[in-house]
Amino acid sequence: MQIAAHDVGRVSRLAAGSAGVAVAIAGALSLVLSSAGTPIHEALTASPAAALVAAGLALFLLAPARPLRAARGVAYALAALAAVLGAAALPRHPAAGVATMLAGLGLACLDLHVHRRAGDPVRYRVADPLLAGSAIIALVALVPRMFAPTFPGGRGPDSLMPPYHAGALFALAVGMVLARPEAGPLRTAAAGPGATIRRMLPAVIAVPVIAALASALAVRTGISRPAAAISTGTVLAALALLALVGYLVRSLEGADRKQRELLAELHERREFADTLLQSMNEAVMVLDANHRVIDVNRRWRELTGEPRPDGAEPPDLPPAGTQDWSIRRADGTDVPVLATMAAIPDAAGRPRGYVATYVDIADRKRAEDELSSHAAELEVSNEQLRKALAFKNDLTSMLTHDVAQPISSIASLAELLHADWADLPDDIRLELASKIVKNTNRLIKMMNDLQLLFRLDTGAVTARRAPVPVREVVTSVTAELECEGDVVVAVDEDVSALADRQHVWHVLRNLMTNALAYGEAPVEVRATREDETVVLIVEDRGGGIPEELVPNLFDRFMRGAGLGLFIVRHLVEANGGSVRYERAEPRGARLVVTWEAASL
């Protein structure tokens with residue numbers, strides 16, 4: 001049955017805490033025995049045993065996976081104290097002092113990691129070389145003691161430090177390794193030859209130690225002579241080391257073979273990705289995190305008309321997402337595209353690169369433009385159709401009411417005159433004939449207005465502008481209308497407008513006719529020159545035009561105004577002028593026409 005990783009870590013940390021307690025107890029016992037009859041302050045500074053107590057307690061407090069903040073602070077303080085006490089013991093116990101000081105510093109840096117170089121994702125623990133140095137000094141002090149029986153008299157060799165102190169330091173180093181199994185020599189997250197060598201280091205260190213222990217055991221039990229035991233242990237250690245080296249070589253060969261296989265697979269995947277990229281119908285550009293071009297496909301080069309070397313500056317990039325965009329070709333023309341810009345995140349979610357995809361939509365844009373053009377033309381046609389329909393409806397309404405009235409009057413009068421001719425006196429006959437003539441003239445004028453209206457509506461009316469004496473035209477219209485007694489003319493002889501004479505005549509005739517028909521006499525006609533314009537005013541003394549009719553006064557088929565004001569507006573505008581309505585004071589209607597003045 002396999003043991004879960006967290007269970008192994010729990011057992012490892014429990015062993016580390018136990019080692020810390022054992023080291024603290026061993027240091028306390030050694031301190032009590034060595035300080036008999038010695039002042040306490042001298043015992044603390046002269047012997048490294050006090051440092052073992054502080055180091056053991058620090059290891060015990062740091063053994064849990066997530067120690068409390070207060071416990072962590074106390075542990076770091078005890079570790080620093082152990083390093084200081086080890087340094088204080090250097091004059092009398094150099095080796096023990098150095099090893100203890102290294103152990104204390106290692107405990108203080110147990111959770112401190114650094115990067116070997118900037119950007120290196122692998123972190124290294126600062127405590128590893130410190131605890132390795134302390135453990136090596138302790139092993140060097142322990143090994144000679146194993147061969148004490150081989151020396152004459154059993155006196156044994158001189159040692160660097162007492163065996164209990166060396167054993168405590170070695171236990172302390174092992175406990176520091178077990179306290180953090182996920183870091184240091186026991187970590188297994190990494191893979192490859194480096195991880196294999198790191199896993200083999202404990203075995204490389206343990207082989208000579210085990211060989212030395214086996215030789216010492218053989219000597220102490222009398223199984224073998226010291227020289228033979230040492231030789232046997234050396235041979236066994238050499239064989240074990242050779243076996244480890246062979247295993248390491250084989251591991252390196254296997255790793256190298258696996259690396260070659262991975263490289264071949266990576267090369268194959270890269271070729272497949274490149275083939276896939278080049279075979280896409282969309283134009284694709286791959287960029288690094290700094291928006292520099294890494295690669296482009298065949299379609300991109302066809303779309304832009306130019307190659308892009310690696311590392312080149314990209315064209316204007318679209319923002320993130322999908323939207324309409326345009327890219328500049330090598331010949332300077334712009335190509336409309338549907339652009340998609342997407343980031344390629346790394347493990348931390350930061351962009352490690354970007355992919356820009358372009359789809360040529362020139363044909364679609366062209367079709368959309370043609371469709372918009374056709375829609376605009378259709379809208380113009382619909383507008384013209386609506387105007388024509390409105391014109392037809394207005395014309396039908398006019399013919400039904402305004403034209404039908406004089407025709408009906410003429411028909412009735414003519415029928416009456418024909419039926420009762422013999423019975424009617426001459427004055428009645430003359431009156432009826434005069435009414436028939438009046439309605440006929442009215443109908444002829446209406447037909448002439450309609451004819452002019454059709455020409456205006458089709459744009460067939462053009463203005464041949466020339467200097468026109470306004471007073472002369474006013475006199476001509478007044479004479480034709482036979483209204484000299486009802487019209488007051490105030491126009492100077494030198495007032496001339498730059499316009500079409502026939503158009504000026506029609507404008508005056510329509511304005512004066514409306515004033516006489518719908519207003520009250522006297523009708524006043526004035527014309528003055530103001531700077532570069534001629535202002536013509538036709539004003540009556542009637543009740544004026546109702547306010548609700550003013551906004552549409554100059555529209556076609558205006559009810560109550562016939563075609564006259566509509567024709568006036570178009571003729572005035574055709575000659576570059578304008579016309580407006582004003583309410584006269586104290587009463588009446590005033591029509592104001594403005595034309596360009598003729599040069600004197």
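Residues numbered from 1 in each chain as written. Predicted model: local features only at pLDDT ≥ 70, side-chain atom pairs only at ≥ 80, totals over all residues. Heavy atoms only, no water.

Participant: Quick question: what am I supposed to make of the pairing of strand β14 (residues 589-596) here?
Facilitator: Here is the key point about a regular strand: its side chains alternate between the two faces of the sheet. Of all eight residues that make up β14, seven are buried, and the element is covered over most of its length. Pairing of strand β12 (residues 533-539) with β14, which is carried by seven bridges, proceeds in the antiparallel orientation. Within β14, the position partnered with Val 538 by the bridge is Leu 591. Here strand β13 (residues 578-583) pairs with β14 via six bridges, running antiparallel. Across the sheet, Glu 582 pairs through a bridge with Arg 590, a residue of β14. Once β13 ends, the chain turns through five residues before running back antiparallel as β14, passing Gly 588 with a positive phi of about 120°. (Buried < 20%, exposed > 50% of the residue type's maximum accessible area, 1.4 Å probe, protein only. Helix = DSSP H or I, 4+ residues; strand = E, 2+ residues; numbered from the N terminus. Pairing = 2+ DSSP bridges.)

Participant: What is the right way to read the sheet that holds strand β9 (residues 487-491) from this model?
Facilitator: Sheets are built from strands paired through backbone hydrogen bonds, the pairs being either parallel or antiparallel. A sheet is described by the order of its strands in space; here five strands give the open sequence β9-β11-β12-β14-β13, paired in mixed fashion. Either end of the sheet is taken by a strand with one partner, and the two such strands are β9 and β13. Taken pair by pair, the neighbouring strands of this sheet meet at an average axis angle of 15°, ignoring direction. Docked against the sheet, helix α14 (residues 501-518) engages β9, β11 (523-530), β12 and β14, running at close to 175° with respect to β14. (Axes fitted to C-alpha atoms, helices over the stretch in contact; angles between N-to-C directions. Contact = heavy atoms within 4.5 Å.)

Participant: Hey, could you run me through unusual backbone geometry in this one?
Facilitator: Backbone geometry follows two general trends: most residues other than glycine have a negative phi, and most peptide bonds adopt the trans configuration. The amide bond that connects Ala 521 to the next residue, Pro 522, takes the cis arrangement and shows omega of 0°. Relative to the elements of secondary structure, Pro 522 occurs in the loop between α14 and β11. Along the chain, Glu 585 connects to Pro 586 via a cis peptide bond; the corresponding omega equals 5°. Among the structural elements, Pro 586 can be located in the loop between β13 and β14. Backbone geometry at Glu 482 places phi at a positive 55°, although glycine is not the residue there. Looking at the element boundaries, Glu 482 is found in the loop between α13 (470-481) and β9. Take Glu 482: its relative accessible area is 68%, and that puts it in the exposed class. At Asp 531, a position not held by glycine, the phi torsion is positive, near 55°. With respect to the element layout, Asp 531 can be found in the loop between β11 and β12.

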